Amino acid sequence: IILQRGNLMKEKNPWHKPVTIIITVIGVIAIVALVTVAVLQNRPLPQKYKYGIVLDAGSSHTALYIYEWPAEKDNNTGRVEQTHSCKVKGPGISSYASAPLKAGESLRACMQEAEQRVPGKRYHETPLYLGATAGMRLLNMENSSASEKVFQAVEEALQKFPFSYQGARILSGQEEGAFGWVTVNYLDDRLEQGLETTGALDLGGASTQISFVSDNYDGSESPSNSVTFRLYGNDYNLYTHSFLCYGKDQVLRMALAHQTQTGPESILDPCFHPGYNATKNYSILYDSPCVSDRKPQRAPVNFTHVGNGNFKQCQNVVKSVFNFTHCNYTHCSFNGIFQPLLQGPFGAFSAYYFVMNFLNLSDTSIPLETVKEKLARYCATPWNQIIQQHPDIKLKYLAEYCFSGTYILTLLTEGYNFTSDSYPNIKFIKKIKGSDAGWTLGYMLNLTNMIPAEAPDSPPLPHAGYVSIVTIMALLLLILFVVSLRPLWPRCSKQPQII
Ligand SMILES: Nc1ncnc2c1ncn2[C@@H]1O[C@H](COP(=O)(O)OP(=O)(O)O)[C@@H](O)[C@H]1O
Ligand SMILES: [Ca+2]
């Protein structure tokens, strides 16, 4: 009987039927395979990068920037980053008008650095751009054949490198302003998400740009200040203006021209520290289209430039370079140039940052009145004390921070109409998420069509969400499968039947 019972039990355990075992094994294998394939197939591929190089040929110096982005995601958002920058030794390319070949040579060291930074197999597909700004705009106005020669030399030098050379050209003021705005908003991820944008304030040596979106500017008033973009499915109507000659180096020339109109032997300059004393050459001072028509006749060869460090008087000198007499529009900044009402936050970079950072005044939560008081105290500090306190800063920069700080505050308040209320909307910035603020990134994004006009279609789920859902579904299937075999389950808990 016991034997019989044992036989009965054996026959009644369906799990031991070969068919059931095979089905179960196949089911489990199928589910494991499904999950594995789902996970592997959709795993992000190992990152490969693409590269782009932009040379910013500014009036005072040239800088090279290398950008990098994941190769599979060109059209994706916010993913282009600056991986390297190189400062070219020597002055800006516009200073090589009388020795153009040297302009080309000067770029070589930074270009060799770029060869080291970009992987060799990517050289040929790496676009290389050179954009020149206000220094070359002025040289082109003054002596267009000299500017062409400089470009020829630069072009020849750049073509010797294995990158995909895309040309060297002068950017218009609008491009310089608009691409600075694109850079700042791209790096802040504001374009892709359609957020309120940040205005861009760029201060160079020979020109300065202001760019922002304003609700009361649709481009109809003063169309030459309008730049429109369609980015990620959003339309932007940007106001932008570039003031040629209003970079800080040219404004200094204009301020000195204002003070030397009668061709004196010496001037007492409130924008330089007490005890500052230097001999300067009239011809060199007036050698720029920003001041050349004002050169005093019968001036001596040199003049003595003496400082007396008075902020209030310096403000008056600086104000003399602005013209506020006429405005044929609803609102103007200065020199009769239209400007809509200021709106939103602003990022102020390049020389804005260098100067305000040096002066420890880059924190705009400090009230504007306090900023002015601090600057007034700095300007009144004797020159020898300033030199002692900053032994490792270039004397040329050091001598000019009082002037530059005064110019920046005057430009922002009197020029662009920032008030003590709107001043805190400005942030003095150098970099955003590791990339320098400036026009170069926006320029490259535009020329490589890397910002799509329409919002890209993105997968409905991120990778992690996708994997979790597939895994959960597979487990549910497994449970369902096991439950569906219920009629075949062994009845182990039941009392053995005694026949
Ligand atoms: N560390 C620094 N301190 C002060 N000024 C600086 C510093 N570095 C650069 N600058 C100034 O920033 C400005 C940069 O202008 P640049 O881009 O060369 O000219 P532009 O944009 O007008 O063609 C120049 O006036 C240069 O002197
Ligand atoms: Ca610049």
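Residues numbered from 1 in each chain as written. Chains lettered and ligands numbered in written order. Predicted model: local features only at pLDDT ≥ 70, side-chain atom pairs only at ≥ 80, totals over all residues.

## Thoughts on the domain arrangement of the chain
By domain assignment, the chain separates into domain 1 (2–41 + 461–488), domain 2 (48–170) and domain 3 (173–442). A straight line from the C-alpha centre of domain 1 to that of domain 3 covers 73 Å. (Domains from an automatic or database assignment.)

## Things to note about the pairing of strand E2 (residues 62–70)
Inspection of the sheet shows strand E1 (residues 49–57) paired to E2 by nine bridges, in the antiparallel sense. Following the sheet pairing, Leu-55 is matched in E2 by Leu-64. Taken together, E1 and the strand that follows it, E2, pair antiparallel across an intervening segment of four residues. (Pairing = 2+ DSSP bridges. Helix = DSSP H or I, 4+ residues; strand = E, 2+ residues; numbered from the N terminus.)

## Thoughts on the site of ligand 1
By nearness alone, 20 residues border ligand 1, and Gly-58, Ser-60, Thr-133, Gly-204 and Gly-205 come closest of all. Those elements that provide at least two residues to the shell around ligand 1 are helix H5 (134–142), helix H8 (248–259) and helix H11 (351–358). The element best represented in the shell around ligand 1 is H11, accounting for three residues. In terms of residue class, the shell around ligand 1 is built from six nonpolar, twelve polar and two charged. (Near = placed C-beta within 6 Å. Nonpolar A, V, L, I, M, F, W, Y, C, P; charged D, E, K, R; others polar.)

## Quick look at the UniProt feature "binding site: ATP" (unreviewed entry) in the chain
Per the UniProt entry, the sites bearing "binding site: ATP" (unreviewed entry) are Gly-205, Ala-206, Ser-207, Thr-208 and Gln-209 in this numbering. Locating Ala-206 in the fold gives a position in the loop between strand E6 (199–203) and strand E7 (207–213). Filtering out sequence-adjacent residues up to four positions away, Ala-206 remains in contact with Ser-59, Ala-134, Gly-135, Leu-138, Cys-245, Gly-247, Asp-249 and Gln-250. Looking at the element boundaries, Gln-209 is found in strand E7. (UniProt positions renumbered as here; feature names shortened; annotations may be inferred. Contact = placed C-beta atoms within 7 Å.)

## Details of the nonpolar core
Within the largest apolar cluster, 110 residues are counted, with the highest numbers of intra-cluster contacts made by Val-154, Ala-255, Ala-348, Tyr-352 and Ile-408. Tallying contributions element by element places helix H14 (residues 395–415) first for this core, with nine residues. Sequence-distant contacts of Ala-348, defined by excluding residues within four places in its chain, comprise Leu-201, Tyr-353, Ile-426, Lys-427, Phe-428 and Ile-429. (Core = buried A, V, L, I, M, F, W, Y, C linked by C-beta atoms within 7 Å. Buried ≥ 20, exposed ≤ 12 C-beta atoms within 10 Å, placed from the backbone.)

## Comments concerning unusual backbone geometry
One non-glycine residue, Asp-189, adopts positive backbone phi at about 60°. Tracing the sequence through the fold places Asp-189 in the loop between helix H7 (173–187) and E6. With 13 C-beta atoms counted inside 10 Å, the residue Asp-189 sits in the partly exposed group.

## A few points about the environment of Thr-228
Position of Thr-228 among the secondary structure elements: in strand E8 (residues 226–231). For Thr-228, a count of 11 C-beta atoms within 10 Å puts it in the exposed group. Expressed as a C-alpha distance, the spacing of Thr-228 and Leu-252, which sit 24 residues apart in the sequence, is 33 Å. Discounting residues that sit within four places of it in the chain, Thr-228 has contacts with Gly-219, Asp-235, Tyr-236 and Asn-237.

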